[in-house]
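Each chain, letter by letter, is given below.
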Amino acid sequence: MKKLLPVIGILFCVNFLSGCGSETVAADDPHENYIPELRAFDIIDSYDTDTATPNHPPLILDPYLYDGLFEIFWDVDSLEDYRVSVRINDRNTIENSIVVHSQWCGAGRSCDQSGNLICEYTSDFFMSCGNAAQERDIYPLIDQIPQKVYLFIEICDYNSGYCEYDYYPVELH
């Protein structure tokens, strides 16, 4: 019995220490909420300025160059479907911004962990993305030309209220 007590003591200490720093999840607990994470957001403007290039010049959208076309790219880490939205505002806040385009992304869809859109800015202050039939009137954001605005990309989780976004300042000509 005297030899057994030190062994039991050592086993108790090993068992106690092995529990330090570990996390136990019961089998009936739901999985943690896997929210989408925006990993990258880039724009190529009317002058072929690419935000993926370090130290790029300011972004400019011009309706008279390349028919006002510009491109948006993004990368997302998401285990579930998510909604991606392109928005524009006259200030660097997403509140009260105008939704230019919105679509669901995920496995089996046209966009999964990454995507891109070709967008158009017209001389009569409309904007659209992804060959959408419906253009968005952005005239309420325009005070004068050139006008500084902010282009946002927002990703939102499919089944929760979680959203995150990023933006770039852009000058409209």
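Summarised in this report is the structure supplied together with it.

1. Thoughts on the nonpolar core
Within the largest apolar cluster, 33 residues are counted, with the highest numbers of intra-cluster contacts made by Phe70, Ile72, Trp74, Ile88 and Met127. Here Met127 is in contact with Leu61, Phe70, Ile88, Val100, Glu120, Tyr121, Glu135, Arg136, Ile138, Leu151 and Leu172, once residues within four sequence places are set aside.

2. Re the pattern of salt bridges
Per the counting criterion, the structure on display carries five salt bridges. A salt bridge links Arg39 to Glu37; the shortest N-O distance between them is 3.3 Å. Look at the salt bridges and you will find they share partners, linking Glu37, Arg39 and Asp77 into a network.

3. Notes on the state of the cysteines
The full count for this structure, using the stated rule, is three disulfides. Here Cys105 connects covalently by a disulfide to Cys111, the sulfurs 1.8 Å from one another. With the S-S bond torsion at -85°, the cross-link from Cys105 to Cys111 turns out left-handed. Cys105 sits in the buried class, given a relative accessible area of 0%. The residue that forms a disulfide with Cys156 is Cys163, at a sulfur-sulfur distance of 2.0 Å. What sets the handedness of the Cys156 and Cys163 disulfide is the S-S torsion sign, and at about 110° it is right-handed.

4. Side note on unusual backbone geometry
Here the bond from Ile145 into Pro146 is cis, since omega is 0°, no more than 30 degrees from zero. Of note, Pro146 is situated in the loop between strand S8 (136-137) and strand S9 (147-157). A positive phi is found at Asn55, a non-glycine position, where the angle reads about 55°. Tracing the sequence through the fold places Asn55 in the loop between strand S1 (37-44) and strand S2 (59-61). Judged by its relative accessible area of 80%, Asn55 falls in the exposed class.

5. As for the pairing of strand S10 (residues 163-172)
Bridge count for S2 against S10 is three bridges, and the pairing is parallel. What sits directly across from Ile60, in S10, is Glu171. Both S9 and S10 contribute to a ladder of 10 bridges, which runs antiparallel. The partner of Val149 across the bridge, within S10, is Val170. What sits between the antiparallel neighbours S9 and S10 is a turn of five residues.

Cut-off values and rules
Residues numbered from 1 in each chain as written. Predicted model: local features only at pLDDT ≥ 70, side-chain atom pairs only at ≥ 80, totals over all residues. Heavy atoms only, no water. Core = buried A, V, L, I, M, F, W, Y, C linked by side-chain atoms within 4.5 Å. Buried < 20%, exposed > 50% of the residue type's maximum accessible area, 1.4 Å probe, protein only. Contact = heavy atoms within 4.5 Å. Salt bridge = Lys/Arg side-chain N within 4 Å of Asp/Glu carboxyl O. Disulfide = S-S within 2.5 Å. Helix = DSSP H or I, 4+ residues; strand = E, 2+ residues; numbered from the N terminus. Pairing = 2+ DSSP bridges.

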